[in-house]
Amino acid sequence: MTTRRRTVVLSGVRFDGLTEREVIDTVLDSLAARRGGRIVTPNVDILRRAMRSAEAREHIESASLVMADGAPLIWAARVAGQPLPARVPGSDLIWSISGALAGKGYSVYLLGGEPGTSEVAAAALAERYPGIAIAGHSSPPFGFDTHSDQYDAVCAEVIAARPDFVYVGLGFPKQERVIARLRGALPGAWFMGCGAAIGFVAGTYRRAPRWMQRTGLEWVHRLALEPGRLVRRYLIEDAPFAARLLAGSALARLRKGSRA
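Residues numbered from 1 in each chain as written. Predicted model: local features only at pLDDT ≥ 70, side-chain atom pairs only at ≥ 80, totals over all residues. Heavy atoms only, no water.

K.L.:
Please set out the overall build of the protein residue by residue, giving values where relevant.
P.N.:
When you go through the protein residue by residue, the secondary structure sums to twelve helices and eight strands. Taking 18 Å as the expected radius of gyration for a compact globule of 260 residues, we find that the protein reaches 18 Å, a close match to that expectation. Summarising its shape, the C-alpha atoms of the protein cover approximately 55 × 45 × 35 Å along the three principal directions. When each of the 260 residues of the protein is scored for burial, the buried share is 49%. Long-range pairs, those at least 24 residues apart, make up 73% of the contacts in the protein with a sequence separation of at least 6. (Helix = DSSP H or I, 4+ residues; strand = E, 2+ residues; numbered from the N terminus. Rg over C-alpha atoms; globule rule 2.2 N^0.38 Å. Buried < 20%, exposed > 50% of the residue type's maximum accessible area, 1.4 Å probe, protein only. Contact = heavy atoms within 4.5 Å.)

Below is the structure:
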């Protein structure tokens, strides 16, 4: 059954107004029709980058599905009067999509994470979903994409495995560049850039408690775990952008109301 698509625009970027279940149904319908695709799950940081980088914006705009991963995006859409049905993060989709694929006999490939992480994540998925087919896994060394021989070998391994779905957890936008290179060779496969999700599945990183996820405080948990790496991004760059996004959404709704 084809899902009817509704889109919401934030800072000029289109987001799909789908639930997690509707994303899964879209992927399964496409795979059954032998059509591939790509999911991108922008958060505030990725949306901020898209405002400054043509490459980042193209990665989002060329995706088959664009799902909001970040409470401020959900809040901004609601303030603007065009609410999204739910936050749909890649760290949830890696589990739910894998479960759905297992029930249909489709295969997955995990690419990314620190050395050994993808192997542990593959084992975790196989334990959770006994019917899932693991086409392969790889955790390439940092900087592999700057060495043509390593880059070629990593991509060749994925292509040779012929997976139906590929999770690429290398961080934005590196993971999107890798996906762009792989898609031409695997036109019937689906891809998702999933950031740290492979590490979450493997247990390398701990996700925030559910109450923090529900209340939009997951970033506080991440910041506490990696303050040196994330303090500038979250507090100096992303927080002001999120405030401007919310203010812009409120202003857009006021203007729309005045015109009406």
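K.L.:
An account of the side chain of Ser138 is needed here, citing residue identities and associated values.
P.N.:
Looking at the element boundaries, Ser138 is found in strand β6 (residues 133–138). Relative accessible area serves as the criterion here: at 11%, Ser138 is assigned to the buried category.

K.L.:
Give me the environment of Leu223: which residues, what numbers.
P.N.:
Mapping Leu223 onto the fold places it in helix α11 (residues 218–225). According to the relative accessible area criterion, Leu223 is buried, its value standing at 14%. For the pair Leu223 and Tyr234, spaced eleven residues apart in sequence, the C-alpha to C-alpha distance is 7.7 Å. Setting aside chain neighbours within four positions, we find Leu223 in contact with Leu230, Val231, Tyr234 and Leu235.

K.L.:
Report on the pattern of salt bridges, specifying residues and quantitative values.
P.N.:
Scanning all chains against the criterion turns up 18 salt bridges. The partner of Arg229 in a salt bridge is Glu226, and the shortest N-O contact between them spans 3.0 Å. Given the relative accessible area of 45%, Arg229 is considered partly exposed. Judged by relative accessible area, which is 21%, Glu226 ranks as partly exposed. Among the charged side chains, a network of salt bridges with common partners joins Asp45, Arg48, Arg49, Arg232, Arg233, Glu237 and Asp238. (Salt bridge = Lys/Arg side-chain N within 4 Å of Asp/Glu carboxyl O.)

K.L.:
Break down the environment of Glu176 for me, with residues and values.
P.N.:
In this structure, Glu176 sits in helix α8 (residues 174–183). The exposure class assigned to Glu176 is buried, which follows from its relative accessible area of 2%. When the C-alpha positions of Glu176 and Met192 are compared, they lie 8.5 Å apart, and in sequence the two are 16 residues distant. Once you skip the residues sitting within four places of it in the chain, Glu176 turns out to touch Arg38, Val40, His59, Gly171 and Gly193.

K.L.:
How would you explain the sheet that holds strand β3 (residues 37–40) if you had to name every residue and give the values?
P.N.:
The strand order across the open sheet built from six strands is β4-β3-β8-β7-β5-β6, with neighbouring strands paired in parallel fashion. Two strands lie at the open edges of the sheet, namely β4 (65–66) and β6, each paired on one side alone. Here strand β7 (residues 165–169) runs beside strand β8 (residues 190–193); their pairing, made up of four bridges, is parallel. Of the residues in β8, the one forming a bridge with Tyr167 is Met192. Its contacts with the sheet put helix α1 (residues 20–32) on β3, β4, β7 and β8, and the angle it makes with β8 is roughly 145°. Contacts from helix α5 (residues 90–104) reach β3, β5 (107–112), β7 and β8 within the one sheet, and its direction differs from that of β7 by about 160°. (Pairing = 2+ DSSP bridges. Axes fitted to C-alpha atoms, helices over the stretch in contact; angles between N-to-C directions.)

These figures come from the coordinates and say nothing about function on their own.
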